[in-house]
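Spelled out from the first residue to the last, the chains are:
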Amino acid sequence: MTVHTLGIIMNGVTGRMGTNQHLIRSILAIRGQGGIQLPNGDSIMPDPILVGRQAHKLQALAEKHGVARWSTDLEACLADPHNTIYFDSQTTLRRAESVKQAIAAGKHIYCEKPTADSLQESLALAKLAREAGVKNGVVQDKLFLPGLIKLKRLVDAGYFGRILSVRMEFGYWVFEGDWQAAQRPSWNYRKEGGGGIIVDMFAHWRYVLDNLFGEVKAVSCLGATHIPERVDEQGERYACTADDAAYAIFQLEGGIIVQANSSWAVRVERDDLLTIQVDGTEGSAVAGLRDCKVQHRVNTPKPVWNPDIPNPFKFTEQWQEVPDNQLFENGFKVQWELFLKHVVTGSPFPWDLLEGAKGTQMAELGLQSWAERRWVDVPALEL
Ligand SMILES: NC(=O)c1ccc[n+]([C@@H]2O[C@H](COP(=O)([O-])OP(=O)(O)OC[C@H]3O[C@@H](n4cnc5c(N)ncnc54)[C@H](O)[C@@H]3O)[C@@H](O)[C@H]2O)c1
């Protein structure tokens with residue numbers, strides 16, 4: 001019985017996503033459970049090295065979580081043959097350059113989305129990885145949310161009949177940073193820093209729609225910068241140069257129509273930060289991050305428009321919960337485990353850099369649609 005120890009360079013690990021989701025909830029959780037067991041009795045044990053620019057932050061993070069290795073020297077980490085995987089959760093604009101360096105050093109690649117800020121660059125990464133023969137993957141965490149897993153179950157069961165439309169409401173109020181600190185980094189609101197909700201969220205919407213309902217064929221998008229000025233981490237006022245809301249319609253193969261509102265300037269009066277309503281001929285569903293409720297055609301009430309009387313229906317009470325029926329683990333961890341197995345055993349891992357490039361393409365076409373005030377078709381991507 002062999003223990004496959006995988007040295008993983010974790011770059012950008014002091015950030016919001018890097019620390020919480022990737023280091024603590026994924027890699028350290030996998031180490032804590034004794035690694036990943038393989039069917040043949042072997043196991044996989046990740047051995048992270050925390051990489052970044054600021055030694056004091058890395059050292060503090062490493063000490064706090066009992067991680068033995070950290071470094072400010074990416075090149076040295078890449079030169080060390082013990083490290084076989086390069087992971088990147090830096091800010092988006094920094095990713096492509098570092099990923100290219102890691103591919104050149106022969107490392108397998110796993111990284112956050114978006115993989116780059118242009119389709120050309122995202123495709124270049126996918127091509128380089130393929131040519132180098134390194135395994136590669138991109139975070140597509142929303143697919144592993146319990147609510148979306150339940151939704152996929154309903155699709156696979158044929159519950160909806162013919163799916164007509166999908167409505168996605170994503171967003172919450174991100175504080176401006178003056179009288180309350182903002183809960184997202186300021187680069188998100190600066191175009192020149194790689195920010196913008198279209199670049200951020202359309203990368204998600206692409207794989208969510210492609211995987212659950214059918215390939216996205218066309219997009220119409222109107223973006224907005226509702227909050228023109230915010231206050232950054234240093235308390236300085238800055239002009240918001242990136243979009244903070246996007247109002248989009250997607251057309252999918254098979255004629256499904258998707259409306260997607262994404263906003264960091266909206267107050268939540270719904271069950272969750274993301275809700276997805278699916279209406280089909282046989283039934284409907286509304287999924288949040290963890291829950292999913294359904295209303296079959298035989299349970300559908302028959303309201304009649306009459307504002308002269310009080311509303312006799314309690315619409316939200318006319319839905320039924322889809323049961324868990326399984327244990328749900330953190331989605332980032334689940335995807336990490338699949339990627340690490342893929343590296344060691346060659347098991348399937350469909351969410352590669354080419355799939356990641358589709359997300360960048362979606363964002364680029366959304367921005368184009370907004371700029372040109374028109375529908376834009378989504379061409380197939382090839383390397
Ligand atoms: N999968 C998801 O749901 C999800 C959610 C949020 C963010 N993200 C993505 O994750 C990435 C990181 O986002 P975040 O919110 O954690 O950002 P963050 O600002 O909290 O962290 C960014 C990290 O990059 C590092 N960094 C920034 N500038 C650098 C530079 N010049 N040189 C070296 N390192 C530098 C920072 O030190 C930090 O470790 C982004 O690409 C973002 O799009 C994904």
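Residues numbered from 1 in each chain as written. Predicted model: local features only at pLDDT ≥ 70, side-chain atom pairs only at ≥ 80, totals over all residues. Heavy atoms only, no water.

K.L.:
Give me the lowdown on the site of the ligand, citing residues and values where you can.
P.N.:
Around the ligand, the surrounding shell holds 22 residues, and the nearest of these are Thr 14, Arg 16, Thr 92, Arg 94 and Arg 95. Interatomic distance of 3.0 Å between a side-chain N/O atom of Arg 53 and an oxygen atom of the ligand. The separation between an oxygen atom of the ligand and a polar side-chain atom of Thr 92 is 2.8 Å. Bound to the protein, the ligand loses 84% of the 840 Å² it would expose on its own. Contributions of two or more residues to the shell around the ligand are made by α1 (16–32) and α4 (92–104). Considering each element in turn, the shell around the ligand owes the most residues, three residues, to α4. Looking at the shell around the ligand residue by residue, the class counts come to six nonpolar, eight polar and eight charged. (Near = heavy atom within 4 Å. Polar contact = N/O pair within 3.5 Å; in protein donor to acceptor, adjacent residues only side chain to side chain. Areas by Shrake-Rupley, 256 points an atom, 1.4 Å probe, with all protein chains shown as cover. Helix = DSSP H or I, 4+ residues; strand = E, 2+ residues; numbered from the N terminus. Nonpolar A, V, L, I, M, F, W, Y, C, P; charged D, E, K, R; others polar.)

K.L.:
Can you explain the nonpolar core? Please cite residues and give values.
P.N.:
Within soluble globular proteins, side chains that are nonpolar generally end up buried alongside one another. Ranked by size, the top nonpolar core spans 78 residues in total, and within it Leu 151, Phe 202, Phe 213, Phe 250, Ile 276 and Leu 340 carry the most contacts. If one sorts the elements of this core by residue count, helix α7 (residues 197–212) sits on top with nine residues. Composition of this core by domain shows at least three residues from each of domain 1 (3–142 + 331–351) and domain 2 (143–326 + 361–372). If sequence neighbours within four positions are ignored, Phe 202 has contacts with Ile 197, Val 219, Cys 221, Ala 246, Ala 248, Phe 250, Ser 262, Gly 359, Met 362, Ala 363 and Gly 366. (Core = buried A, V, L, I, M, F, W, Y, C linked by side-chain atoms within 4.5 Å. Buried < 20%, exposed > 50% of the residue type's maximum accessible area, 1.4 Å probe, protein only. Domains from an automatic or database assignment. Contact = heavy atoms within 4.5 Å.)

K.L.:
Go over unusual backbone geometry, please, and point to the residues and values.
P.N.:
Generally, phi is negative for residues other than glycine and the peptide bonds are trans, each holding for most cases. Following Lys 113, the chain continues into Pro 114 via a peptide bond in cis, with omega recorded as -15 degrees. In this fold, Pro 114 is placed in the loop between β6 (108–111) and α5 (119–132). In this structure, Asn 325 is a non-glycine residue whose phi angle is positive, near 55 degrees. Turning to its location among the elements, Asn 325 is positioned in the loop between β17 (320–321) and α8 (331–345). You will see that Arg 373, though not glycine, has its phi angle at about 50 degrees, which is positive. You can see Arg 373 is positioned in the loop between α9 (353–372) and β18 (376–377). When its relative accessible area of 75% is taken as the criterion, Arg 373 is described as exposed.

K.L.:
Give a description of helix α2 (residues 55–65) that names residues and reports values.
P.N.:
Three or four residues apart is the spacing at which side chains of an α-helix point the same way, because the helix has 3.6 residues per turn. Buried within α2 we find Leu 58, Leu 61 and Ala 62. Down the axis of α2, the sector holding all buried residues measures 95 degrees, keeping them to one side. Residues His 56, Glu 63 and Lys 64 are exposed on α2 and point more than 90 degrees away from its buried face. If you follow the buried residues of α2, they end up packed against α1, β3 (43–51) and β4 (69–71). Looking at the residues trailing α2, positive phi occurs at Gly 66, about 65 degrees. (Arc of directions from axis to C-beta.)

K.L.:
Summarise the domain arrangement of the protein chain; cite the residues concerned and give the values.
P.N.:
On domain assignment, one finds that the protein chain holds domain 1 (3–142 + 331–351) and domain 2 (143–326 + 361–372). Each partner contributes residues to the interface: domain 1 has 18 residues there, and domain 2 has 20 residues. Carbon and sulfur atoms make up 64% of the surface buried where domain 1 meets domain 2, a total of about 1600 Å² over both sides. Its largest share of buried area at the contact with domain 2, domain 1 owes to Arg 16, Lys 113 and Lys 142, together 40% of the area lost on that side. Here domain 1 is connected to domain 2 by one salt bridge. The shortest N-O distance in the salt bridge between Lys 113 and Asp 200 comes to 2.5 Å. Taken together, the links from domain 1 to domain 2 amount to ten residue pairs in polar contact (both at pLDDT 80 or more). Of all the secondary-structure elements, those providing two or more residues to the side of domain 1 that touches domain 2 are α4 and α8. For the side of domain 1 that touches domain 2, a count of residues per class yields seven nonpolar, six polar and five charged. (Buried area = accessible area lost by both parts, 1.4 Å probe. Salt bridge = Lys/Arg side-chain N within 4 Å of Asp/Glu carboxyl O.)

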